[in-house]
Amino acid sequence: MLEVIHLEKRFWLHRLKREVTAFSGVNLRLEPGEFVLLEGANGAGKSSLLRCLYRTYRPTGGEAWLRTPRGRWDLARLGDREVLWVRQNVMGYVSQFLDPRPRTTAVDIVAEPLLWQGLDENQARRKAASLLLDLGLRPEFLNAFPYGFSGGERQKVNLARALIRDYRLLLLDEPTASLDAEARKALRQRLEDLKRAGTAILAVFHHPEDVEGLVDRTYPLEAAEYVDLRSEAGSP
Amino acid sequence: MLEERPILQVRGIRKRFGDRHALKGVSLELYPQEVLGIVGGSGSGKTTLLRILHLEEEAEGEYFLNVPGLEGRNLLALDRYQVPEVRRWLAMVYQDPSRGLRMDFASLTSVVEPLILKGERLYEALVAQGLEALELADFPLERAGSPPKELSQGQRQRVQIAKALAKKPLVILLDEPTTGLDLLVQATFLDTLRTLKRRLGLSMILVSHDLSVIRMVADRIVVLYEGEVVEEGLADQVLEDPQHPFTQELVGAKL
């Protein structure tokens, strides 16, 4: 499903005249239906790796080959339009926090990926509401704007938006950090179903016990060194 | 890899005002059903670029619209009399509503004006289409007879949107449409744009100096700096992993 070869991400911070390596030399293979957990201390680059694969960050080196219905594509070099297509059809991502769009209700945020797929609005809203309720969102919140929600309620919306579709690859960045026990259980159940249906999952979990028994392998990331270019002349 | 072709494409646009180079070779594409955000500071050339796209300003370079009858024709090399033929595919929403609307006449008048230019003469048909466009723009229909000068700034911008929609264009160009609106009005206005994009399959180019406006609606972002495109990418990418010093400063100032 996904083959990552020597992937690396460096940030060049102009104001500080400084380069920061988020991670480097990542080699990773993910088969359909496989669940791989990323491990590593704070700053080891776990979130950055997921963001590079989702292409919120631009990788600065290496390759990341993704199997799609349109062929095998290198996420590290893919054009923006193709990345959008991959996001709408192949790959879902859950961040730690929801960045809610103003004036958009919880149901509409979750229903949107179904509209991309061509579902009509009523059907999409029904499916979205049902998943949100499964995750334990209170019914009176379905048609409210998530700006006023607590962290946990927001996170349910965030999760549902990624889980509403049967993506072939799911990237999860500490999705349970703010969730209550009921929502964690519902998430676990949904991931189990997706995994059985062949979805590959690459994830960071603050509490790995949330997904105990689902994980096939772990992948350790080591903290990369910080390079200060002001003191080290000749650095890359 | 996707067979999709851009609906609008410009290559190497240059514009000089006297000795000043306002645009120094700008290239960009707009795809069907896409909102492209153009962000830049004052003097970056973003408004000039939009005026060129609306054929209000001449420039060097190439400009193509992928619509029947215009494919492969450089729109910057057209004769003046051919401009209306191109404009029927384009609509412009100005920061200053008095540039797009007749401030002293009923709002509906401004909305149906492009229809009259297109040749519609039937009064009932004009009213029906005008009201439909106002409704799509989330404008309170009971105010359709009020002149824009009696409306709030947010409502005036909705009349401009309705005027744009009445024309049934393929591309809507928006120049700082929410500047000067209070935050709530701004958010509901941008929400209308998102809904229209989805429901009507419209493509839009939205110019703004305000990153938070751009991030709410844009699929992709182009960063203009001193007349050049210094960065372009997916909206989340440009906001979260900015590459150019100007973009890094802009994003840093926002967070």
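Residues numbered from 1 in each chain as written. Chains lettered and ligands numbered in written order. Predicted model: local features only at pLDDT ≥ 70, side-chain atom pairs only at ≥ 80, totals over all residues. Heavy atoms only, no water.

Residue and element names in this part refer to chain B. Orientation of helix H5 (residues 153-166) relative to helix H6 (residues 183-200), taken along the N-to-C sense of each, is 15°, at an axis distance of 10 Å. Between H5 and H6, the angle falls in the class roughly parallel. The interaxial crossing formed by H5 with H6 has right-handed handedness. Between H5 and H6, the residues in contact are Gly 154, Gln 157, Arg 158, Ile 161 and Leu 165 and Val 185, Thr 188, Phe 189, Thr 192, Leu 193, Leu 196 and Leu 200, respectively. (Axes fitted to C-alpha atoms, helices over the stretch in contact; angles between N-to-C directions. Helix = DSSP H or I, 4+ residues; strand = E, 2+ residues; numbered from the N terminus. Parallel < 35°, antiparallel > 145°, perpendicular 65-115°, else oblique. Left-handed = near helix turned anticlockwise from the far one by under 90°. Contact = heavy atoms within 4.5 Å.)

Across chain B, the average pLDDT comes to 91, with 98% of residues at or above 70. Predicted complex, confidence summary: ipTM 0.85, pTM 0.89. (pLDDT = per-residue confidence, 0-100.)

The next point concerns the side chain of Gln 155 of chain A. All names here are of chain A. With respect to the helices and strands, Gln 155 occurs in helix H5 (residues 151-163). According to the relative accessible area criterion, Gln 155 is buried, its value standing at 1%. Here Gln 155 is in contact with Val 94, Ser 95, Gln 96, Phe 97, Leu 98, Glu 174, Pro 175, Ser 178 and Leu 179, once residues within four sequence places are set aside. (Buried < 20%, exposed > 50% of the residue type's maximum accessible area, 1.4 Å probe, protein only.)

Turning our attention to H6 of chain B. The periodicity of an α-helix, 3.6 residues per turn, causes residues three or four places apart in sequence to face the same way. All names here are of chain B. The terminal C-alpha atoms of H6, which comprises 18 residues, lie 25 Å apart, in line with the 26 Å expected from a rise of 1.5 Å per residue. What H6 keeps buried is the set Gln 186, Ala 187, Thr 188, Phe 189, Leu 190, Thr 192, Leu 193, Arg 194, Leu 196 and Lys 197. Buried residues along H6 sit in contact with strand S3 (35-39), helix H4 (123-136), H5, strand S6 (171-175), strand S7 (203-208) and helix H7 (211-217). Backbone geometry just downstream of H6 places Gly 201 in the positive-phi region, at approximately 65°. (Expected span 1.5 Å × (residues − 1).)

All names here are of chain A. For the pair helix H3 (residues 106-116) and helix H4 (residues 121-134), interaxial distance at closest approach is 8 Å and the crossing angle is 120°. It follows from the interaxial angle that H3 and H4 lie oblique. Judged by the twist between their axes, the crossing of H3 over H4 is right-handed. Of the residues in H4, those in contact with Ala 106, Val 107, Asp 108, Val 110, Ala 111, Leu 114 and Leu 115 of H3 are Glu 121, Ala 124, Arg 125, Lys 127, Ala 128, Ala 129 and Leu 132.

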